[in-house]
Amino acid sequence: MFIVQHLLSRISHFNKHLLYVITDLSTFGLSIMASLSSQQEIFHVSNRLTFGMTATDINDINQQGVNNFIQKQLNTKTTDLQKYLTAKISQYEGLKMTVAEIFKNYHFPYISPTNNLQGLSPEERKIWQQKRKQFVQNALNLKVDKSVTNSAQLNELMTDFWLNHFSIFIDKEPNLQRFITSNYETNAIQPYALGKFRDLLQSTAQHPSMIIYLDNNRNIVPNPKTKRGLNENYARELMELHTLGVDGGYTQEDVMSLTRILTGWGVINKNTPQNANGFYFHEKLHDYSDKKFLGHTIKGSGIEEVYQVLDILAYHPSTAHHICYKLAQFFVADNPPDSLVKKLAKSFLDSQGNIKIVLQNLFGSDEFWDVKYYANKFKTPYQYVISVMRMSNIKKSNFNPIIASLKDLEMRPYYCVTPDGYKNIQSAWLSPSAMMNRVRFATLVADSKMGNTSQINGEQLIPLIDNFLSKQTLNTVKSVDRKLQSALILGSPEMMYK
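Residues numbered from 1 in each chain as written. Predicted model: local features only at pLDDT ≥ 70, side-chain atom pairs only at ≥ 80, totals over all residues. Heavy atoms only, no water.

A word on the side chain of Glu305
- Mapping Glu305 onto the fold places it in helix 16 (residues 303-314).
- Overall, Glu305 belongs to the buried group, its relative accessible area being 0%.
- A polar side-chain atom of Glu305 sits 2.9 Å from the main-chain amide nitrogen of Gly302.
- Look past the residues within four positions of Glu305 in its chain and what remains in contact with it is Ile261, His286, Asp287, Ser289, Lys291, Ile298, Lys299 and Gly300. (Helix = DSSP H or I, 4+ residues; strand = E, 2+ residues; numbered from the N terminus. Buried < 20%, exposed > 50% of the residue type's maximum accessible area, 1.4 Å probe, protein only. Polar contact = N/O pair within 3.5 Å; in protein donor to acceptor, adjacent residues only side chain to side chain. Contact = heavy atoms within 4.5 Å.)

Topic: the packing of aromatic side chains
- Inspection of every chain in the model, using the stated rule, returns 23 aromatic pairs.
- For the pair Tyr106 and Phe179, a centre-to-centre distance of 4.7 Å together with 20° between the ring planes defines the contact as stacked. Remark: Phe179 occurs in helix 11 (residues 174-189) and Tyr106 occurs in helix 7 (residues 99-106); sequence separation between them is 73 residues.
- Here Phe179 falls in the buried class, since its relative accessible area comes to 1%.
- On the numbers, 5.2 Å between centres and 85° between planes, the contact of Phe331 with Phe363 is edge-to-face. Placement of the pair is Phe331 in helix 17 (residues 317-331) and Phe363 in helix 19 (residues 355-363), with a sequence separation of 32 residues. Both residues of the pair, Phe331 and Phe363, count as buried.
- Put simply, the rings of Phe161, Trp162, Phe166, Phe197, Phe330, Phe331, Phe348, Phe363, Phe368 and Trp369 touch in pairs and so form one group of aromatic residues.
- A cation sits over an aromatic face here: Lys131 above Tyr106, 5.1 Å from the ring centre. (Phe/Tyr/Trp six-rings, centres within 6.5 Å; stacked < 30°, edge-to-face > 60°. Lys NZ or Arg CZ within 6 Å of the ring centre and 35° of its normal.)

Thoughts on helix 20 (residues 381-391)
- Burial analysis of helix 20 places 11 of its 11 residues in the buried class, the great majority of the element.
- All buried positions along helix 20 are accounted for by Pro381, Tyr382, Gln383, Tyr384, Val385, Ile386, Ser387, Val388, Met389, Arg390 and Met391.
- Asn393, located one to two residues past helix 20, shows a positive phi value of around 60°.

A word on unusual backbone geometry
- Even without a glycine there, the phi angle at Asp215 is positive, about 65°.
- Within the secondary structure, Asp215 sits in the loop between helix 13 (208-213) and helix 14 (233-242).
- By relative accessible area, which is 10% here, Asp215 ends up buried.
- Notably, Asn393 is not glycine yet its phi reads approximately 60°, a positive angle.

Thoughts on the confidence of the model for the protein
- When pLDDT is averaged along the protein, the result is 90, and 91% of the positions lie at 70 or above.
- Note on residues 1-7: pLDDT under 50 across the span, and 16 contacts to partners over four residues away in sequence or across chains.
- Taken together, the stretch residues 9-34 has pLDDT below 50 and engages in 60 contacts with residues farther than four places along the chain or on a different chain. (pLDDT = per-residue confidence, 0-100.)

A short note on helix 4 (residues 55-64)
- Considered for burial, the residues of helix 4 that qualify are Asp57, Ile58 and Ile61. Projected down its long axis, helix 4 carries its buried residues within an arc of 100°, all on one side.
- Buried-residue contacts for helix 4 involve helix 3 (38-48), helix 5 (66-74), helix 20 and helix 24 (458-465).
- Among the residues trailing helix 4, Gly65 stands out with phi positive, at a value near 95°. (Arc of directions from axis to C-beta.)

Looking at the environment of Thr181
- Note on placement: Thr181 falls in helix 11.
- What makes Thr181 buried here is its relative accessible area of 1%.
- The spacing of Thr181 and Trp162 is 19 residues in sequence and 14 Å in space, taken between C-alpha atoms.
- Among residues more than four places away in sequence, those in contact with Thr181 are Ile168, Ile170, Ser209 and Tyr414.
- Here the side chain of Thr181 touches Gln177 through a polar contact of 2.7 Å, landing on its backbone oxygen.

Examining the packing of helix 17 against helix 18 (residues 338-350)
- Contact geometry of helix 17 with helix 18 gives a least axis separation of 8 Å together with a crossing angle of 130°. Relative to helix 18, the element helix 17 is oriented oblique. Considering how the two elements wind past one another, helix 17 and helix 18 form a crossing that is right-handed. Listed contacts from helix 18 to Pro317, Thr319, Ala320, His321, Ile323, Cys324, Tyr325 and Ala328 of helix 17 are Leu340, Val341, Leu344, Ala345, Phe348 and Leu349.
- By residue class, the composition of the contact of helix 17 with helix 18 is 12 nonpolar, two polar and no charged. (Axes fitted to C-alpha atoms, helices over the stretch in contact; angles between N-to-C directions. Parallel < 35°, antiparallel > 145°, perpendicular 65-115°, else oblique. Left-handed = near helix turned anticlockwise from the far one by under 90°. Nonpolar A, V, L, I, M, F, W, Y, C, P; charged D, E, K, R; others polar.)

Here we look at the pattern of salt bridges
- This model, assessed by the stated rule, comprises 20 salt bridges.
- One salt bridge connects Lys172 with Asp215, and the closest N-O pair in it is separated by 2.9 Å. You can see Lys172 sitting in the loop between helix 10 (153-165) and helix 11 and its partner Asp215 sitting in the loop between helix 13 and helix 14, a full 43 residues away along the chain.
- Lys377 serves as the salt-bridge partner of Asp334, at 2.5 Å between the closest nitrogen and oxygen. Of the two residues, Asp334 sits in the loop between helix 17 and helix 18 while Lys377 sits in the loop between helix 19 and helix 20, which places them 43 residues apart along the sequence.
- One network of salt bridges, with partners in common, ties together Lys143, Lys146, Glu156, Asp160 and Glu185. (Salt bridge = Lys/Arg side-chain N within 4 Å of Asp/Glu carboxyl O.)

Details of the environment of Ser351
- Here Ser351 shows up in the loop between helix 18 and helix 19.
- Residue Ser351 is classed as buried on the basis of its relative accessible area, which comes to 12%.
- Sequence separation between Ser351 and Tyr315 is 36 residues; the distance between their C-alpha atoms is 9.7 Å.
- Ser351 has contacts with Lys196 and Ile357, leaving out every residue within four places of it along the chain.
- Looking at Ser351, its side chain comes within polar contact range of the main-chain nitrogen of Asn354, at 3.1 Å.

Overview of the packing of helix 25 (residues 471-479) against helix 26 (residues 482-490)
- Contact pair helix 25 / helix 26: the axes reach a minimum separation of 8 Å and the direction vectors enclose 160°. Taken together, the axes of helix 25 and helix 26 are roughly antiparallel relative to one another. Within the contact between the two elements, helix 25 uses Thr476, Val477 and Lys478 and helix 26 uses Gln485, Leu488 and Ile489.

Next up, the structure:
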């Protein structure tokens, strides 16, 4: 802790750059050349298409060229990705289970006749509680591990993007949700992160994490005897957040029609076939009347109604604009240029929602390479933490302190309560206290207090990043004791932005 205290105590009089981080970062990156240099292009691509540059990334780009690096990230082989995920998931006990297997091992109605822990012996209860705690820790560990080590970084980055877009909360019905959240990410999102949006939309819609989080398991044809009936939560968010957007042109009547269309769209239980993915359409709980939705007549036909509606939503112009605005905001600027959003929306519609093609156009656009957007995208807390780990080459560690730091920075994976997910803009994360927490984190990493086994050598970091550090930061780093150098680099303004 000496380095932390020493660093913070000296900020005000010897390190104007870090003081700048804590007080006002809004203008960083504006005073650069009129066009990107080759080194700036490397910095730009290695930070925008990954969770944070590494020595390996820089070497790859230098050898392959910027364009080849982009194409490699866009065209990761499905077999290679699946091989990586299978191997990585198998390292964490329990996470390779299917949803049906998770239900049998962790869901109360399956393991206890009384639907709670009271039906278990004291020893069984203790074992189950330990298993449950470790399972959740494993889920968080896997998330961080993948973000740091997956060489298909664009896939990993887009997986995180979609996880926030199709956000769920791990503590909504925690006795079940905690155990299926990791499966939701690795099975319902990651395989489709660079594929067709329509496939991704259905995959998330059918996963029990989403169904339970937005209460569609409670959405059934009204039954006066049981006083159960319609629940519009998922129907509303499916349009407002996942597809059309808040100004997408739908009405309350459309919300209610979609709610009726989604009745019976639920999850398995002990009395249903045990589908591996946990999804089950309860036919007897569905409203089979005809409906009107966004100007379309939807004939009462059961589960096919939902597939028809997902087609309508996935290929709608409002969906194209909503998704492409968020992609432009994620990769370019908090307030993305309208010209870029329009071009991306056109490619979205022309390609029937092919995410890879949309990103291909984004990375080839003039706006993506515009000098005014260089190094101006503020990292979220999660992006910052992972970028520090990647730059510091921390690949295998005790992730508990990392996750604790993410909690302090208010961005633990899976813990966003609201369905709109964590924000991806500077105004949501930039504050003096937040910057102080980032500086503390950087210092603890540098001093081997974050699960890494040795101190981070500042002299080894300088050659990696010296082309991207400002003269002010570089001079400051070189002027201090070696024990402080890595902390100053990892806590510098350049590390806060991408």
